[in-house]
Amino acid sequence: MHTSLKIASALTTICDWAARLAAVLLFVLVGVIMYDVIGRKFFSTGSTMLQELEWHLHGVIAVFAFGYAYTRDAHVRIDVVAAKMTPRFRLWLEFWVVVLLVIPFFLFIAWHGYEFAARAFERGEGANGGRGLPHRWIIKSAVPISALLTVAGCTAVALRILATLKRPDLITKTFLERGLWKR
């Protein structure tokens, strides 16, 4: 179990760094939006490229934090039925749903997302009409990367669930509570 918890910790660290990148990109997004709005309002310098950059940054910010959110139990849940279950049964249910449904689904997304991004790279895809951002493969690469980050977060939680169920003396909480910047 100690090895499993070390693996879970390493996977969680990867998710943490991706979420930190997303947090930093949030500041970049704010700067791009401010520059775009001020330029359009006062200097008549609107740009399709800036608008596309805003959309791309927003997309990366959203999807790079999925794995992190899952390790913190900060994702959306519908607990109407789960409230009636025992904590042990809920953990087993969570484990099997993650292992049998969530991880395979995101591996499927990673596989096809890679093909999606690779095809865009091979074709030299850019914005329609040439007025937007070139190199569309860069943003399309966020799909498989974020899917793998989500798999990392789910695998970390699955390993912690097993440790919680098998060795409650080692770990008492499956999900982490620490913040992104503080330890």
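Analysis parameters
- Residues numbered from 1 in each chain as written.
- Predicted model: local features only at pLDDT ≥ 70, side-chain atom pairs only at ≥ 80, totals over all residues.
- Heavy atoms only, no water.
- Axes fitted to C-alpha atoms, helices over the stretch in contact; angles between N-to-C directions.
- Helix = DSSP H or I, 4+ residues; strand = E, 2+ residues; numbered from the N terminus.
- Left-handed = near helix turned anticlockwise from the far one by under 90°.
- Contact = heavy atoms within 4.5 Å.
- Nonpolar A, V, L, I, M, F, W, Y, C, P; charged D, E, K, R; others polar.
- Phe/Tyr/Trp six-rings, centres within 6.5 Å; stacked < 30°, edge-to-face > 60°.
- Buried < 20%, exposed > 50% of the residue type's maximum accessible area, 1.4 Å probe, protein only.
- Parallel < 35°, antiparallel > 145°, perpendicular 65-115°, else oblique.
- Core = buried A, V, L, I, M, F, W, Y, C linked by side-chain atoms within 4.5 Å.
- Salt bridge = Lys/Arg side-chain N within 4 Å of Asp/Glu carboxyl O.

**Points about the packing of helix H1 (residues 2-43) against helix H6 (residues 142-166)**
Interaxial distance between H1 and H6 falls to 8 Å at its minimum, and their mutual angle equals 145°. Judged by the twist between their axes, the crossing of H1 over H6 is left-handed. Touching Ser4, Leu5, Ile7, Ala8, Ser9, Leu11, Thr12, Ile14, Cys15 and Ala18 of H1 are Leu149, Ala152, Gly153, Thr155, Ala156, Leu159, Arg160 and Ala163, all from H6. Each residue belonging to the contact of H1 with H6 can be placed in one class, and the counts come to 12 nonpolar, 5 polar and 1 charged.

**Some points on the packing of aromatic side chains**
Counting across every chain of the model gives 4 aromatic pairs. Look at phenylalanine 95 and tryptophan 96: their rings are 4.9 Å apart centre to centre, the planes differ by 80°, and that puts the pair in the edge-to-face class. Assessed through its relative accessible area of 9%, phenylalanine 95 is described here as buried. Judged by centre distance (5.2 Å) and plane angle (85°), the rings of phenylalanine 121 and tryptophan 137 are edge-to-face. Residue phenylalanine 121 is located in helix H4 (residues 87-123), and its partner tryptophan 137 is located in helix H5 (residues 137-140); the two are separated by 16 residues in the primary sequence. Pairwise contacts between aromatic rings join Trp92, Phe95 and Trp96 into one cluster.

**Things to note about the packing of H1 against helix H2 (residues 48-63)**
At their nearest, the axes of H1 and H2 sit 9 Å apart, and the two run at 160° to each other. Judged on the interaxial angle alone, H2 and H1 are roughly antiparallel. Where H1 crosses over H2, the handedness of that crossing is left-handed. Every residue of H2 that contacts H1 at Ala22, Leu25, Leu26, Val28, Leu29, Val32, Ile33, Tyr35, Asp36 and Arg40 is listed here: Leu50, Gln51, Leu53, Glu54, Leu57, His58, Val60 and Ile61.

**Some thoughts on the nonpolar core**
One finds Tyr70, Val98, Ile103, Cys154, Val157 and Ile161 to be the most contacted residues of the largest nonpolar core, which totals 15 residues. Of all the secondary structure elements, the ones that give two or more residues to this core are H4 and H6. Per-element accounting of this core gives the leading share, 7 residues, to H6. Leave out the neighbours within four places in its chain, and valine 157 touches Tyr70, Thr71, Thr174 and Phe175. Grouped together as the second largest cluster of nonpolar side chains are 13 residues, Ala18, Ala22, Ile139 and Ala142 included.

**Let's talk about the pattern of salt bridges**
One pass over the full model with this rule turns up 4 salt bridges. A salt bridge links aspartate 16 to arginine 72; its shortest N-O distance comes to 3.1 Å. Here aspartate 16 is found in helix H1, whereas its partner arginine 72 is found in the loop between helix H3 (66-71) and H4, with 56 residues between them in sequence.

**Digging into the side chain of histidine 56**
Considering the arrangement of structural elements, one finds histidine 56 in helix H2. Contacts of histidine 56, omitting those with residues within four sequence positions, involve Leu133, Arg136 and Ile139.

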